[in-house]
Amino acid sequence: MISDRISEMKGLMGAGHTEIRAQRSTTRRVGVLKGNVVSNVRSETMGVCARVYRSGVYGFASGAEYSPEAVRDILAAAQRNAEFMDTRVGKGKPALPVIPAQKLTFDPGFTDPEQKKYLDFVLELDAYLEKTYPALASRSVSAYADSMEKLLVTNDGADGYSILPRSYVYVTLTAPTSDGSTVELFTVLGGQDAGCFDKRYTSIEPFKAEIDRLYGDVMRKAEGVYAEAGLRDVILGPNLAGMIAHEAVGHTVEADLVLGGSVAAHLLGKPVASELVTMVDYAHTLSSGKQAPLPVYVDDEGTPASDEVLIKDGILVGYMNSRESAQHFGMEPHGNARAFAFSDEPLIRMRNTGIVPGTSKLEDMIASIDNGYYLTETGNGQADTTGEFMFGVNMGFEIKNGKLGRAIRDTTVSGVAFEMLKSVTALSDDDVWVSSGFCGKKQPMPVGMGGPAFKCKINIGGR
Amino acid sequence: MNDRKLAEYTLEKLEKLGADAAAVSVSHSSTDELNVDGGEFSLMRTLFDTGVSLSVIKNGAKGTAAINQTSKEDIDAACAAAIASAENAKPDEAERIAPFKGKEKFTQGVLVPDVAALYDRIEEFLRDTREQFPKIMMEQFIADYRRESGIYMNTNGTEFELEEGCYGLSSMFSAHEGETAGSFNGADAAFTSLDRAFMDMASHRRLFRESSDSLYPKPVDGKFTGTLIASPDLLSSFMYTVLGNFCSNGTIIDGTSPWLSMLGRQVASKGFTLTSRPLDPEVVCGERFAGGFKSENMTYIEDGVLKGFMLSDYGARKTGFERAKNLSGSFFVEPGTTPLSEIIAGVERGMIVNRFSGGEPAQNGDFSGVAKNSFLVENGKIVGAVNETMINGSFLELMKSVRAISSDTESSGGGVMPWAAFDGVTISGK
């Protein structure tokens, strides 16, 4: 646990919002490619930062040394930077509204197993793949674990302590195709929520069924066809719903991007989706009462975290804010200002962003399409200020006369978020959450995302 | 302890713990960074960091560890972790610490920054943007100065020291008119002098003009096969993908690269030459050493013929192919002799594409994604900006379908790229 060398600095913070954060981040990684250990790494960073607000501008400083003297120096450097900016820029904005003082803690327990645990699991799983699936052209297995431990003090808000460990095993299978090429497909074993590696990956047995499904899918993909390009009726599987929530809508309603010119700047209070659609950025607890995949109880500028409803019954009702942007828009901040490393300043980030499930059954939704696609797996995505979004599709199937047909090769889908969401005609009654990804926005950030399957019209790439 | 003493201590510690061979890098960095958000100054940052990374070979297996602390206790713990990692990994004859490559010190860039002048350049840039391109909203602009010093040492006697500093900028912007928002675009540059206005760097003037002209785009009507003219930025990202999918450790080691047997053979159209040149004067603070080897310029594709793979020392020893002479990504595509305007004039139907927003291209080279900041070309003329339009194809085919390479080039401090026109791309709208 990080020792507290920052609370004693409260007396040096002065007037105006100031935060000091000490942070330790760890990464463990083992990668095996077709039996070869290609990565075997343990890394760790530790440091302290301070951020100071002055009349509409911030000063920030960070350093790796974590002694009382170093903390004092870092705070002084942040204060000098704030002073420099205020003197030069002179925005003259009022102080940020004060948040009642309190201390919020999240400590689910953290264990940091030795590298042998990762190596043994990955090598055993790789040996199983080699023996069980000899038809594969290639395979890779990676174990990955990270953690963020943060200690925060502020002079006008909440203090906090949190530790968030994540661990995942990534499996990629590559299958030969009849034309001499290859196709690949990956899955994240145990990607639904966070946790420590030695608690989650004690045996490969529980994961064999998921690997068998992956193998079946990649072999079908090897015989698959290219999608027919154009605007199509599709069912987006639950694994894709989170990507819609995150990429298509989430980024456009981050208040800093709204201030930067996002199309959502002019849509607050207006219909942006079918009235079936309600979308929430959850802080720590899902509407089902389950813990969110990556819970946040206090953000990195001292705001206690609570849910931010973004779309309610198809109407855009909220933005995700920092304390500064909330003041600008006359809204309440709900704890979205998060920083990745000790050397990073808090930015407005999503936490656990999802679409609330509906009442339809997935099989009925598939049966309702005469000619379209059922898209089941995704990889990456990107959004635009215009609301135009895209994300990659790694696995999907044709739907012909209400029945699943041939698998399709890798493709990309795109659309304009607030047009596509108006085409939603059904949401399934279950949801799937994932937590293994990183969002990129100046800094990376672990995010959770989820939702149900839904039926809509979307532009699909192909031949 | 200074960096050298720290590195020496670390190597001694690793040898005492039983390492057969080891390498260590120790570095210190400082960064001054100025940020603009929503068109206004927002933040100034000063960052200090340290890096200690170590690799060890024990009983034929490799382990690595990286920390940012320099106390004896922290170094000892990192050494123990790396040794334990190696002890539990599988032995692999391809693993090694790089052999002796000499002792050398590299100094490059500008070592004393002028942060006040950097601020002034940003202020000027924001003013120039408002006055010359009033539709442009600067969503985010970051300019910084980063200085780094460090040393690499290994148990085979190699010592490389580095001291460097350079400025960088990164802009993200979009055009706006009333409630109409255009697609975002961005630019990056690295540089060592504040002599030039930022408007004249990173292609800002061209990109701002194009964004301002793209506020009312239309989707392409239907689907057709046509010519894709890739901007220098897009061409650069295409080259990263091509080398990553067809020439890198992953697909060469596992044998799935479609170019595995293509060394010395035609993989691209004649006239297409791709090099990686971190030592080129156009590259700012280019890579000087990597993985214990001194970096050299190299050629990947010469006149369409594949000349080398992007393999690390491990990848090379694993596969028997030659190691890449650098791992920098300082890519250059040799310019052609035709001006861009003439290339455009010769296109019957196609698109000029500045940015590609797509799914990760498949290992076999298939790609699909949205053409961003793009313009439709018909009968040799630019007829308008497009949106909601996808481009689809295969990088294997694309590389063999180079129609023309422009004589015009752009440089961002990381390499030099022309425009390149490729035939046979599927373009689909609504």
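Residues numbered from 1 in each chain as written. Chains lettered and ligands numbered in written order. Predicted model: local features only at pLDDT ≥ 70, side-chain atom pairs only at ≥ 80, totals over all residues. Heavy atoms only, no water.

Description of the pairing of strand S5 (residues 138-154) of chain A
Residue and element names in this part refer to chain A.
So, step 1. For S5, the buried fraction is high: 16 of the 17 residues fall into the buried class.
So, step 2. Taken together, the 15 bridges between strand S1 (residues 18-33) and S5 define a ladder with antiparallel strand orientation. Bridge pairing in S5 places Val30 opposite Ala143.
So, step 3. What sits between S5 and strand S6 (residues 159-176) in their antiparallel hairpin is a turn of 4 residues. (Buried < 20%, exposed > 50% of the residue type's maximum accessible area, 1.4 Å probe, protein only. Helix = DSSP H or I, 4+ residues; strand = E, 2+ residues; numbered from the N terminus. Pairing = 2+ DSSP bridges.)

Details of the side chain of Gln108 of chain B
Residues and elements named next belong to chain B.
So, step 1. Positionally, Gln108 belongs in strand S4 (residues 103-109).
So, step 2. Using a relative accessible area of 11% as the deciding quantity, one classes Gln108 as buried.
So, step 3. Among the polar contacts made by the side chain of Gln108, one reaches the side chain of Arg288 at a distance of 3.1 Å. (Polar contact = N/O pair within 3.5 Å; in protein donor to acceptor, adjacent residues only side chain to side chain.)

A short note on the layout of surface pockets
All names here are of chain B.
So, step 1. Quantified by volume, the second largest pocket comes out at close to 1,000 Å³.
So, step 2. Around the second largest pocket, the lining comprises 47 residues; the ones closest to its centre are Ser55, Lys62, Thr64, Gly291 and Ser312.
So, step 3. Partitioned by chemical class, the residues of the lining of the second largest pocket number 23 nonpolar, 15 polar and 9 charged. (1 Å grid on protein atoms, 1.4 Å probe; cavity = no way out; pocket = protein on both sides within 12 Å on 5 of 7 lines; lining within 4 Å. Points joined across faces, edges and corners; volume = space filled by probe spheres on them. Nonpolar A, V, L, I, M, F, W, Y, C, P; charged D, E, K, R; others polar.)

Description of the domain arrangement of chain A
Residues and elements named next belong to chain A.
So, step 1. When its domains are assigned, chain A resolves into domain 1 (7-222) and domain 2 (230-460).
So, step 2. The gap between the C-alpha centroids of domain 1 and domain 2 is 21 Å.
So, step 3. With 57 residues of domain 1 in contact, the opposing surface of domain 2 contributes 42 residues.
So, step 4. For the pairing of domain 1 and domain 2, the buried interface totals around 3,700 Å² over both sides, and the portion due to carbon and sulfur atoms is 55%.
So, step 5. Broken down residue by residue, the surface that domain 1 buries against domain 2 is led by Phe106, Arg166 and Lys221, which jointly contribute 15%.
So, step 6. As a salt-bridge pair, Glu377 and Arg213 come within 4.0 Å of each other at their nearest N and O atoms.
So, step 7. Scanning the region where domain 1 abuts domain 2 turns up 20 residue pairs in polar contact (both at pLDDT 80 or more).
So, step 8. Of the residues belonging to the side of domain 1 that touches domain 2, the class tally is 28 nonpolar, 15 polar and 14 charged. (Domains from an automatic or database assignment. Contact = heavy atoms within 4.5 Å. Buried area = accessible area lost by both parts, 1.4 Å probe. Salt bridge = Lys/Arg side-chain N within 4 Å of Asp/Glu carboxyl O.)

Some details on the nonpolar core
So, step 1. Ranked by internal contacts, the top residues of the largest apolar core, which has 51 residues, are Leu125, Val169 and Val171 of chain A.
So, step 2. Taken together, the elements giving at least two residues each to this core come down to S1, helix H2 (115-132), S5, S6, strand S7 (182-189), helix H4 (208-222), helix H8 (362-367) and strand S16 (388-400) of chain A.
So, step 3. Looking at which domains feed residues into this core, each of domain 1 (7-222) and domain 2 (230-460) of chain A supplies at least three.
So, step 4. Those residues in contact with Leu125 of chain A that lie beyond four places of it in its chain are Val141, Val169, Val171, Leu189, Ile204 and Ile211 of chain A.
So, step 5. Val220, Phe246, Phe395 and Val425 of chain B belong to the second-largest nonpolar core, a separate cluster that totals 47 residues. (Core = buried A, V, L, I, M, F, W, Y, C linked by side-chain atoms within 4.5 Å.)

Some points on a negative patch on the surface
So, step 1. Residues Glu363, Asp364, Asp430 and Asp431 of chain A make up a contiguous surface patch of negative charge.
So, step 2. Summarising the element assignment, Asp431 of chain A is placed in the loop between strand S19 (426-427) and strand S20 (432-441). (Patch = residues over 30% accessible without salt bridge, like charges linked within 9 Å, V, L, I, M, F, W, Y side chains within 5 Å. Areas by Shrake-Rupley, 256 points an atom, 1.4 Å probe, with all protein chains shown as cover. Lys, Arg positive; Asp, Glu negative; His and termini not counted. Charge placed at Lys NZ, Arg CZ, Asp CG, Glu CD.)

Quick look at the packing of helix H1 (residues 68-89) of chain A against helix H3 (residues 115-132) of chain B
So, step 1. Packing of H1 of chain A against H3 of chain B brings their axes to within 13 Å, and their N-to-C directions diverge by 40°. Between H1 of chain A and H3 of chain B, the interaxial angle falls into the category oblique. Here H1 of chain A runs over H3 of chain B; the crossing is right-handed. Residue-level contacts link Phe84, Met85, Arg88 and Val89 of chain A of H1 of chain A to Ala116, Tyr119 and Asp120 of chain B of H3 of chain B.
So, step 2. Considered class by class, the residues forming the contact of H1 of chain A with H3 of chain B number 5 nonpolar, no polar and 2 charged. (Axes fitted to C-alpha atoms, helices over the stretch in contact; angles between N-to-C directions. Parallel < 35°, antiparallel > 145°, perpendicular 65-115°, else oblique. Left-handed = near helix turned anticlockwise from the far one by under 90°.)

Things to note about the interface of chain B and chain A
So, step 1. Listed per partner, the contact involves 77 residues of chain B and 77 residues of chain A.
So, step 2. Interface area for chain B against chain A, summed over the two sides, is near 5,900 Å², with a carbon-plus-sulfur share of 50%.
So, step 3. Three residues stand out in chain B for area buried against chain A, namely Met44, Asn88 and Lys90 of chain B, and they jointly supply 9% of the buried area on that side.
So, step 4. On inspection of chain B and its partner chain A, the count reaches 7 salt bridges.
So, step 5. With its nearest N and O atoms 3.0 Å apart, the salt bridge here joins Lys442 of chain A to Glu33 of chain B.
So, step 6. Summed over the shared surface of chain B and chain A, the number is 46 residue pairs in polar contact (both at pLDDT 80 or more).
So, step 7. The element that contributes the greatest number of residues to the side of chain B that touches chain A is strand S2 (residues 40-58) of chain B, accounting for 11 residues.
So, step 8. When the residues that make up the side of chain B that touches chain A are grouped by side-chain class, the tally is 23 nonpolar, 34 polar and 20 charged.

Some thoughts on the domain arrangement of chain B
Residue and element names in this part refer to chain B.
So, step 1. When the domains of chain B are assigned, the result is domain 1 (3-212) and domain 2 (217-430).
So, step 2. Inter-centroid distance (C-alpha atoms) of domain 1 to domain 2 is 25 Å.
So, step 3. Contacts between the two partners involve 33 residues from domain 1, matched on the other side by 24 residues from domain 2.
So, step 4. Inspection of the region where domain 1 meets domain 2 yields 4 salt bridges.
So, step 5. Here Arg206 makes a salt bridge to Glu410, at a shortest N to O gap of 2.8 Å.
So, step 6. Seen at the junction of domain 1 and domain 2, the total is 16 residue pairs in polar contact (both at pLDDT 80 or more).
So, step 7. Mapped by element, the contributors of at least two residues to the side of domain 1 that touches domain 2 are S4, strand S6 (159-177), strand S8 (185-191) and helix H4 (204-212).
So, step 8. When its residues are assigned to classes, the side of domain 1 that touches domain 2 shows 13 nonpolar, 9 polar and 11 charged.

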